[in-house]
Amino acid sequence: MTITKDEVFDEVFVTEVHRLDAKGSGQAVVWRENELGNQRKIKLTIPQTLPGETVRVTVDKPERRRRKAIAEEIVVAHPQRTVSPCPHFELCGGCVWQHWQYAGQLNQKTEHVREAIASQGFDASLVKDTIGMDEPWRYRNKMEFTFAQDGSLGLHEQGNFRKIISLETCLIAGKEMVEAALTIAQWAKEFQLTGYNKDAHEGLLRHLMVRQSFATGEMMLALFATEAPTGKLAEAVQSLVERITTNFPQVTSFMWLENTLWADRTQAEESYVLAGRDFIYDELFGYRYRLWFDTFFQTNPNQAAKLIELALEMGQPKKSEKMIDLFCGVGTFSLPFADRVGKLAGIEIVETSIESAKRNALDNGLDNTYFLAADARRGIDQVLESFGNPELLMLDPPRSGAGGKVMRRIGRAKPERIVYVSCNPDTFATDIAELEPFGYTLETVQPVDLFPHTVHVECVALLTLNKNVEQ
Ligand SMILES: C[S@@+](CC[C@H](N)C(=O)[O-])C[C@H]1O[C@@H](n2cnc3c(N)ncnc32)[C@H](O)[C@@H]1O
């Protein structure tokens, strides 16, 4: 078919999905004739499709080389295609793979890790099968919901940060957390409170963060709004406090966070305790933690405990040894390791996390830890100077990875064993490639699924220093 420049209309294609992109959407290629009679390729991104599937899609503006398209019909389905149990799945941006049987998701995650390390010249057979969850639902202990301008509460639409899907349920969040969120949504509706409009910078309610410890049962509700909970708002807020304290005795921290800033994040200029205290207690792997509204903490505690167990198994900590925990956060790995080594130094850039890590060490009776608030690069230099070279080092960097400069500093510090916990196989692979010239061997990589129905995968890996290499 030939179209002229003035004629732009939708075109229907039946095509095969050949791979998945980094966000978990199907990718397909179709050919069409342009106005000069030449065959031009269009690369299609088709959410909620799987490799090998034949799908029928309508493409608007097909003259463009890359288009997103919605599958209108699955002509030939993947053998592991399934029906999502969540009514919000097709629109909500929270999960991308609920249409894929869990075993298929796990295989895909294993393959991703294998491809990532093979691309850096490592042996893909070192990667074990991904450890999944027995029950891959209701695994999240923390959710951040957003208010729409009309005051309804929900999650962002897939690929559209301006549109909010009104919440009826969420099958990956704890059940009580969803019930508390629905109570707040109902309250906002009854009092006709407005949601925040980020373009006009007006409206009251912005976000609701709900976190609940699966170990202690304690729940925190943190409501972010553009005004203080006083004056004309006081009556509505009082009504909410009564509902929450009556119906949710597990809420031991109910916070109102005032945020008048343009940046649409869960941050606060002023905080008010509406009920209880300003933190909750949580426990992980037998250690107790205090969590404030802005504390980073593992969001899938059951699988996080497996990560800790694996890290300990691979690291083989000894009482005679010194250890560095790089990117230590509030000490999730530091505390279990500190119990098993002579001395541990934790390095982390966020000062409030370091303050929490120090308190968590004290709360858990550990007196052999030293926590430093610093950028990883500067932190390693500083710790090595005062602490000497460690026998064991673990790192758990953000998705962007540790980077070459940090990895080369680690190589020069010559720890005998390095345990790398990663949430991004691609940056993990490029990071560990930096260690090869220093004489490190990759021994094993164990992927763990902390986020079922999403593309994310974590890995724990062990690298050992080859003693025969001249240093
Ligand atoms: C994936 S989290 C791991 C936290 C901790 N290990 C845990 O499991 O709770 C990565 C941590 O690295 C910290 N971080 C990010 N960039 C950093 C940097 N340049 N130097 C030091 N820490 C950094 C973040 O604040 C975050 O706490």
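On a predicted model such as this, the values are computed, not experimentally measured, just so you know.

What counts and what doesn't
- Residues numbered from 1 in each chain as written.
- Predicted model: local features only at pLDDT ≥ 70, side-chain atom pairs only at ≥ 80, totals over all residues.
- Helix = DSSP H or I, 4+ residues; strand = E, 2+ residues; numbered from the N terminus.
- Rg over C-alpha atoms; globule rule 2.2 N^0.38 Å.
- Buried ≥ 20, exposed ≤ 12 C-beta atoms within 10 Å, placed from the backbone.
- Contact = placed C-beta atoms within 7 Å.
- Domains from an automatic or database assignment.
- Near = placed C-beta within 6 Å.
- Nonpolar A, V, L, I, M, F, W, Y, C, P; charged D, E, K, R; others polar.
- Expected span 1.5 Å × (residues − 1).
- Arc of directions from axis to C-beta.
- UniProt positions renumbered as here; feature names shortened; annotations may be inferred.
- Axes fitted to C-alpha atoms, helices over the stretch in contact; angles between N-to-C directions.
- Parallel < 35°, antiparallel > 145°, perpendicular 65-115°, else oblique.
- Left-handed = near helix turned anticlockwise from the far one by under 90°.
- Pairing = 2+ DSSP bridges.

**Q** Could you clarify how one ought to interpret the overall build of the protein in this entry?
**A** Counting its regular elements, the protein contains nine helices and 23 strands. The globule rule puts the C-alpha radius of gyration for 471 residues at 23 Å, and the 25 Å found for the protein is close to it. Across its three principal axes, the protein shows a C-alpha extent of roughly 75 × 65 × 40 Å. Here the protein, with 471 residues, has 42% of them falling under the buried criterion. By sequence separation, contacts in the protein at least 24 residues apart represent 62% of the contacts at least 6 residues apart.

**Q** What should I look at first to understand the domain arrangement of the protein in this one?
**A** Many analyses report the size of an interface as the accessible area lost when the parts associate. Taken domain by domain, the protein holds domain 1 (11–79), domain 2 (107–134 + 300–465) and domain 3 (142–284). A separation of 33 Å is found between the C-alpha centroids of domain 2 and domain 3. On the side of domain 3, four residues touch domain 2, which itself brings five residues to the contact.

**Q** Would you mind showing me how to read the site of the ligand here?
**A** Taken together, 18 residues lie around the ligand, and Phe327, Gly329, Thr332, Ile349 and Ala376 are the ones closest in. Considering only residue class, the shell around the ligand consists of 11 nonpolar, four polar and three charged.

**Q** Help me understand helix α2 (residues 175–190), please; the structure alone is not making it clear to me.
**A** The α-helix advances 3.6 residues per turn, and as a result positions three or four apart in sequence lie on the same side. Helix length check: α2 (16 residues) gives 23 Å between terminal C-alpha atoms against 22 Å at 1.5 Å per residue, within 8%. Taken together, the buried positions of α2 are occupied by Met177, Val178, Ala180, Ala181, Ile184, Ala185 and Ala188. On an axial view of α2, the arc spanned by its buried residues comes to 160°, and they lie on one face. At the exit of α2 stands Gln192, carrying a positive phi of roughly 50°.

**Q** Which parts of the structure should I look at to understand the UniProt feature "active site" (unreviewed entry) in the protein?
**A** The feature "active site" (unreviewed entry), as annotated in UniProt, sits at Cys423 in this numbering. Classification of Cys423 as partly exposed rests on a count of 17 C-beta atoms within 10 Å. Those residues in contact with Cys423, other than ones at most four positions away along the chain, are Arg399, His456 and Glu458.

**Q** Teacher, can you tell me more about the packing of α2 against helix α3 (residues 234–247) here?
**A** When two helices pack together, their arrangement is given by the angle between the helix axes and the distance between those axes. Interhelical geometry of α2 versus α3 gives an angle of 155° and a closest axis separation of 11 Å. Judged by the angle between their axes, α2 and α3 are roughly antiparallel. As for the relative orientation of α2 and α3, their crossing is right-handed in sense. Where α2 abuts α3, its residues Thr183, Ile184 and Trp187 lie against Ser239, Leu240, Arg243, Ile244 and Asn247. Of the residues belonging to the contact of α2 with α3, the class tally is four nonpolar, three polar and one charged.

**Q** Help me understand the sheet that holds strand β1 (residues 11–16) in this model?
**A** The strands making up a sheet associate through backbone hydrogen bonding, with each pair oriented either parallel or antiparallel. Across the sheet, which stays open at both edges, the three strands sit in the order β1-β5-β7 with antiparallel pairing between neighbours. Unpaired on one side and paired on the other, β1 and β7 (70–76) mark the two borders of the sheet. Here the strands of the sheet are splayed against their neighbours by 25° on average, with no regard to which way each runs. Pairing analysis gives five bridges linking strand β5 (residues 54–59) to β7, with the strands arranged antiparallel. The residue of β7 that forms the bridge with Arg56 is Glu73.

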